[in-house]
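Topology and contacts: notes
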Amino acid sequence: MATRKIEIFVADCPLCNETVRLVQELTCSSCEVSIYDLREGQTHPTYLAKAQKYGVQAVPALALDGKLVLTGKPNQEQLQAIGVGQPLS
């Protein structure tokens, strides 16, 4: 079964926490979720490199299958529209 890779860039803010919660509620068995905390002093160097690669300018930000697709707090409809929680065909 193919896996939908969901990457969430956060900085421990209320909007970030809500985004993570919503994504985790919607994920299905074919979703793989990774969370990257970009707070200064908390960040692993590869997290910053990933954020830079995707062009993340603000958090929360969400990349899907290697492409930045959303910045800011999404709602459930936006997440479903990009495929979160839907198995890959």
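A brief report on the enclosed structure follows. Since the model is a prediction, treat every value here as computed from it, not as a measurement.

1. Focus: the overall build of the protein chain
Scanning the protein chain from N- to C-terminus turns up three helices and four strands. In sequence order, the secondary structure elements of the protein chain are arranged as β-α-β-α-β-β-α. Against the 2.2 N^0.38 benchmark of 12 Å for 89 residues, the protein chain shows a C-alpha radius of gyration of 12 Å, consistent with a compact globule. A principal-axis box enclosing the C-alpha atoms of the protein chain has dimensions of 40 × 25 × 20 Å. Counting contacts in the protein chain only where the partners sit at least 6 residues apart, residues at least 24 apart contribute 68% of the total. Working note: accessible area of the protein chain is about 5100 Å², and carbon and sulfur atoms make up 49% of it. Side-chain charges in the protein chain split into 8 positive and 9 negative, and the spacing between the mean points of these groups amounts to 5 Å.

2. Some remarks on the packing of aromatic side chains
With the rule as written, the count across this model stands at three aromatic pairs. Note on phenylalanine 9 and tyrosine 54: the rings are 5.8 Å apart at their centroids and 75° apart in plane angle, and the pair reads as edge-to-face. On the criterion of sequence distance, the pair formed by phenylalanine 9 in strand β1 (residues 4–10) and tyrosine 54 in helix α2 (residues 45–54) is long-range, its members being 45 residues apart. By the burial criterion, phenylalanine 9 is buried, and tyrosine 54 matches it. Among the aromatic residues, ring-to-ring pairing joins Phe9, Tyr36, Tyr47 and Tyr54 into one connected group.

3. What about the environment of alanine 11?
By secondary structure assignment, the location of alanine 11 is in the loop between β1 and α1 (14–26). Separated by 27 residues in sequence, alanine 11 and leucine 38 have C-alpha atoms that sit 5.2 Å apart. Filtering out sequence-adjacent residues up to four positions away, alanine 11 remains in contact with Cys16, Asp37, Arg39 and Val59.

About the thresholds
Residues numbered from 1 in each chain as written. Predicted model: local features only at pLDDT ≥ 70, side-chain atom pairs only at ≥ 80, totals over all residues. Heavy atoms only, no water. Helix = DSSP H or I, 4+ residues; strand = E, 2+ residues; numbered from the N terminus. Rg over C-alpha atoms; globule rule 2.2 N^0.38 Å. Contact = heavy atoms within 4.5 Å. Areas by Shrake-Rupley, 256 points an atom, 1.4 Å probe, with all protein chains shown as cover. Lys, Arg positive; Asp, Glu negative; His and termini not counted. Charge placed at Lys NZ, Arg CZ, Asp CG, Glu CD. Phe/Tyr/Trp six-rings, centres within 6.5 Å; stacked < 30°, edge-to-face > 60°. Buried < 20%, exposed > 50% of the residue type's maximum accessible area, 1.4 Å probe, protein only.

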